[in-house]
Amino acid sequence: MSGDERWYAVQTQARHENRVRRLIQQEIDKDPGPDREIREVLVPTQEVVEIRRGKRVPVTKPLYPGYVLVRMILNEQSEHAISAMKGVRFVGQGGGPQPLREEDMNRIMGIEVEDEATGREEIPFRAGQVIEIIQGPFMDFSGTVQEVYPEKGKVKVEVSLFGRPTSVELDFTQLRGF
């Protein structure tokens, strides 16, 4: 990255990130030369698993809803090109563009790579922990974590069913810790 080229965050309405990304990409495509001011646009995303109708469904969601990241050389033309877009404003003190810190961008870029490679760290439960089941056929039951299976994204939980301890294997997204 050149010395005056930095990453900036722009704010928009949640669920409008991709529309804004397309508008900024159109600005980039207008000037394909190596000396263009606006260089790259990014909507950081993460893969999450949602439970819909009892089934695990992978969903891509924005990591920072309502924000789009732009790598650019800040000058009057580039600032105006972004600011002139409807429903878009730079993040910064006084509404002016404030560059993102390099370590923040490295962390943001690293999160995308790290999440795919190390899904195991995402299971926030441990054996012996008391939890509440928030989805599925055992919803509103409380239980105790017996085992965690990070490679499968599952947790074995002991619940009291008809007065007897019963072990059930649940997806970790179906649980909430106390």
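Bear in mind the structure is a predicted one, so any value in this text is a computation, not a measurement. (Residues numbered from 1 in each chain as written. Predicted model: local features only at pLDDT ≥ 70, side-chain atom pairs only at ≥ 80, totals over all residues. Heavy atoms only, no water.)

1. Notes on the overall build of the protein chain
Stage number 1. Looking only at helices and strands, one finds 3 helices and 11 strands in the protein chain.
Stage number 2. Going through the 178 residues of the protein chain one by one, you find that 33% of them count as buried.
Stage number 3. Here the contacts in the protein chain between residues at least 6 apart in sequence split such that 55% fall between residues at least 24 apart.
Stage number 4. Accessible area for the protein chain stands at about 11,300 Å²; split by element, carbon and sulfur atoms hold 49% of it.
Stage number 5. Averaged over its 25 positive side-chain charges, the protein chain has a centre that lies 7 Å from the centre of its 29 negative ones. (Helix = DSSP H or I, 4+ residues; strand = E, 2+ residues; numbered from the N terminus. Buried < 20%, exposed > 50% of the residue type's maximum accessible area, 1.4 Å probe, protein only. Contact = heavy atoms within 4.5 Å. Areas by Shrake-Rupley, 256 points an atom, 1.4 Å probe, with all protein chains shown as cover. Lys, Arg positive; Asp, Glu negative; His and termini not counted. Charge placed at Lys NZ, Arg CZ, Asp CG, Glu CD.)

2. Quick word on the sheet that holds strand E11 (residues 175-177)
Stage number 1. Strand order in the open sheet formed by 5 strands is E10-E9-E8-E7-E11, with antiparallel pairing between adjacent strands. Edge positions in the sheet fall to strand E10 (164-171) and E11, since each of these pairs with one other strand and no more. Pairwise comparison of adjacent strand axes, ignoring direction, gives a mean angle of 45° for this sheet.
Stage number 2. Of the pairings in the sheet, the one linking strand E7 (residues 130-133) to E11 comprises 3 bridges and is antiparallel in character. Bridge assignment links Ile133 to a residue of E11, and that residue is Leu175. (Pairing = 2+ DSSP bridges. Axes fitted to C-alpha atoms, helices over the stretch in contact; angles between N-to-C directions.)

3. Let's talk about the pattern of salt bridges
Stage number 1. Using the criterion set out here, one finds 12 salt bridges in the structure.
Stage number 2. In this structure, the salt-bridge partner of Glu5 is Arg39, at a minimum N-O distance of 2.6 Å. Residue Glu5 is found in strand E1 (residues 5-11), and its partner Arg39 is found in strand E2 (residues 38-42); the two are separated by 34 residues along the sequence. When sorted by exposure, Glu5 lands in the same class as Arg39, which is buried.
Stage number 3. Here Arg176 and Glu132 are joined by a salt bridge, their closest N and O atoms 2.8 Å apart. Here Arg176, found in strand E11, pairs with Glu132, found in strand E7; they are 44 residues apart in sequence, far enough to count as distant. (Salt bridge = Lys/Arg side-chain N within 4 Å of Asp/Glu carboxyl O.)

4. Considering the environment of Ile133
Stage number 1. Mapped onto the elements of the fold, Ile133 is located in strand E7.
Stage number 2. Exposure remark for Ile133: the relative accessible area of 0% places this residue in the buried category.
Stage number 3. Between the C-alpha atom of Ile133 and that of Arg176, which follows or precedes it by 43 residues, the distance is 6.4 Å.
Stage number 4. Among all residues touching Ile133, those that are not within four sequence positions of it are Phe138, Met139, Asp140, Phe141, Val159, Leu170, Gln174 and Leu175.

5. Topic: the sheet that holds strand E6 (residues 89-90)
Stage number 1. If you walk across this open sheet you meet the 4 strands as E2-E5-E1-E6, and the pairing is antiparallel. In the strand order of this sheet, the two ends are held by E2 and E6, each with one partner.
Stage number 2. Looking at chain direction, E1 and E6 are connected through 2 bridges and run antiparallel. In the sheet register, Gln11 faces E6, and the bridge partner there is Arg89.
Stage number 3. Contacts from helix H1 (residues 17-30) reach E1, E2 and strand E5 (67-73), with the element oriented near 160° to E2.
Stage number 4. Of the strands in this sheet, E1, E2, E5 and E6 are in contact with helix H2 (residues 76-83), which crosses E5 at around 160°.

6. Topic: the side chain of Thr12
Stage number 1. Among the structural elements, Thr12 can be located in the loop between E1 and H1.
Stage number 2. Here Gly87 takes part through its backbone oxygen, which lies 3.2 Å from a polar atom of the side chain of Thr12.
Stage number 3. If we ignore the near neighbours within four places in the chain, the residues touching Thr12 are Glu17, Arg19, Val20, Gly66, Val68, Gly87 and Val88. (Polar contact = N/O pair within 3.5 Å; in protein donor to acceptor, adjacent residues only side chain to side chain.)

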